[in-house]
Amino acid sequence: MSELTVIRCSSLPAWNDCPRRIAAREMLRPEIEAAGYRLWPEKTGVGAAIGSAVDAGATLMLRAKSATYVVAIAEAVEHAIAEFRGGIAGGCEYDKSATPNAQIAEMQISRMVEVYALQVLPKVEPESVQRELTADVGGGFVLSGHWDVREVSGRLRDTKTGQDVYPAGPQFGGYALLGLAHGLPVTAAVVDYIERVSLKKPQPAAVEIEYDVGQCIKEAARTIKRIKQQVNEWRQTKDIESISSNPYSQFCTNRMCPARNTDFCRSWK
């Protein structure tokens with residue numbers, strides 16, 4: 001392939017869960033379809049849309065703090081809800097248990113942004129916000145990512161939302177590798193987790209989850225190596241088994257995976 005293949009830091013943990021799902025969703029989708037496989041259309045889930053919205057509200061406040069001015073919580077909430085509405089403009093799949101419709105989603109966004117403003121933002125000393133970096137990782141592959149915020153101490157903070165929190169070690173490791181490539185060392189890494197719960201329940205407080213940066217770098221480097229190996233084999237053979245699958249994944253569902261129940265994945269049964 002003459003074009004560079006982009007490996008996104010945010011995709012590294014999910015690749016470890018099911019490479020074939022990530023290949024079909026983003027990394028290799030045009031190539032897979034060009035090879036004659038029909039994949040299901042992308043679907044916007046309410047959890048992802050809410051996560052992007054809360055992240056947008058947090059980013060607005062972080063950039064303001066970095067520039068030494070203050071954004072009111074109401075303004076950050078308004079910004080986050082606008083992001084949400086834009087994200088679901090093409091349709092959205094809701095969660096019957098916690099978020100059955102857009103109105104409830106917006107109320108959840110409001111209180112989650114408030115949690116960030118009151119519990120997380122005061123602790124953060126931003127050095128850079130949503131900085132996008134790339135680095136050549138060899139063989140026609142490029143690592144790409146943008147961290148939520150790097151503090152003046154060199155610590156990374158990443159905001160996660162949802163009904164559960166999933167391991168982010170390889171993602172942080174990817175960011176740390178990018179930082180090293182650009183003279184921006186990462187000294188520590190923290191996930192700020194804000195749980196999405198039914199409005200019938202009180203909004204839980206934000207939780208800090210710390211990561212070992214050295215271990216994260218090892219995980220990221222190993223994952224990048226596996227990605228390159230499997231992608232290169234797929235390109236040489238067009239054998240779907242060259243990209244491994246994980247039918248035991250909790251995300252092996254028609255809603256979450258565009259390859260499930262297609263000729264590109266026969267492992268899901």
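Please refer to the structure higher up on the page.
A brief structural summary. (Residues numbered from 1 in each chain as written. Predicted model: local features only at pLDDT ≥ 70, side-chain atom pairs only at ≥ 80, totals over all residues. Heavy atoms only, no water.)

**Here we look at the pattern of salt bridges**
Part 1: In the structure shown here, the tally under the stated rule is 17 salt bridges.
Part 2: Here arginine 21 ties to aspartate 17 by a salt bridge, and the two come within 2.9 Å at their closest N and O atoms.
Part 3: Taking the relative accessible area as the measure of exposure, aspartate 17 reaches 22% and is therefore partly exposed.
Part 4: One salt bridge in this structure joins arginine 157 and glutamate 151, with 3.5 Å as the shortest N-O distance.
Part 5: One connected set of salt bridges, linked through shared partners, spans Lys123, Glu151, Arg155, Arg157, Asp192 and Glu208. (Salt bridge = Lys/Arg side-chain N within 4 Å of Asp/Glu carboxyl O. Buried < 20%, exposed > 50% of the residue type's maximum accessible area, 1.4 Å probe, protein only.)

**With respect to the state of the cysteines**
Part 1: One pass over the full model with this rule turns up 0 disulfides.
Part 2: Cysteine 216 carries a free sulfur, and the closest cysteine sulfur to it, the one in cysteine 9, is 11 Å from it.
Part 3: The cysteine cysteine 257 is free of any disulfide, with cysteine 18 supplying the nearest cysteine sulfur at 5.9 Å. (Disulfide = S-S within 2.5 Å.)

**What about the sheet that holds strand 6 (residues 155–162)?**
The strands making up a sheet are joined through hydrogen bonds of the backbone, oriented either antiparallel or parallel.
Part 1: A sheet is described by the order of its strands in space; here 5 strands give the open sequence 2-5-6-7-8, paired in mixed fashion. Each edge of the open sheet carries a strand with a single partner, namely strand 2 (126–129) and strand 8 (207–211). Within the sheet, the average angular offset between the axes of one strand and its neighbour, ignoring direction, is 25°.
Part 2: Strand direction decides the pairing type here: strand 5 (residues 149–151) and strand 6, joined by 2 bridges, are antiparallel. What sits directly across from valine 149, in strand 6, is arginine 157.
Part 3: Most of the contacts of helix 4 (residues 46–66) go to strand 2, to which it runs at about 135°, and overall it touches strand 2, strand 5 and strand 6.
Part 4: Together, strand 6 and strand 7 (188–195) form the strand contacts of helix 6 (residues 102–120), whose direction differs from that of strand 7 by roughly 140°. (Pairing = 2+ DSSP bridges. Helix = DSSP H or I, 4+ residues; strand = E, 2+ residues; numbered from the N terminus. Axes fitted to C-alpha atoms, helices over the stretch in contact; angles between N-to-C directions. Contact = heavy atoms within 4.5 Å.)

**Brief notes about the pairing of strand 6**
Part 1: In this structure, the hairpin formed by strand 5 and strand 6 is closed by a connection of 3 residues, where glycine 154 is found at a positive phi of approximately 95°.
Part 2: In the sheet, strand 6 pairs with strand 7 via 8 bridges, with the strands oriented parallel. Across the sheet, arginine 157 pairs through a bridge with valine 190, a residue of strand 7.

**A closer look at the nonpolar core**
Part 1: If you look at the biggest cluster of nonpolar residues, it comprises 41 residues, and the most contacted ones within it are Ile7, Trp15, Leu28, Ile32, Phe172, Trp234 and Phe264.
Part 2: The element best represented in this core is helix 8 (residues 213–237), accounting for 7 residues.
Part 3: Setting aside its immediate chain neighbours within four residues, leucine 28 contacts Ala23, Val231, Trp234, Arg235 and Ile243.
Part 4: Residues Val77, Ile81, Met112 and Val113 belong to the second largest nonpolar core, which totals 30 residues. (Core = buried A, V, L, I, M, F, W, Y, C linked by side-chain atoms within 4.5 Å.)

**Describing the packing of helix 4 against helix 5 (residues 73–87)**
Part 1: Their axes nearest at 8 Å, the elements helix 4 and helix 5 cross at an angle of 145°. Where helix 4 crosses over helix 5, the handedness of that crossing is right-handed. Residue-level contacts link Val46, Ala49, Ile50, Ser52, Ala53, Ala56, Gly57, Leu60 and Met61 of helix 4 to Glu75, Ala76, His79, Ala80, Glu83 and Phe84 of helix 5. (Left-handed = near helix turned anticlockwise from the far one by under 90°.)

**What to know about unusual backbone geometry**
Part 1: Not every positive phi belongs to a glycine, and glutamine 130 is a case in point at roughly 50°.
Part 2: Locating glutamine 130 in the fold gives a position in the loop between strand 2 and strand 3 (132–138).
Part 3: The residue asparagine 261 is not glycine, and still its phi comes out positive at about 65°.
Part 4: Tracing the sequence through the fold places asparagine 261 in the segment after helix 8.
Part 5: Taking the relative accessible area as the measure of exposure, asparagine 261 reaches 40% and is therefore partly exposed.

The values are spatial; any link to function lies outside them.
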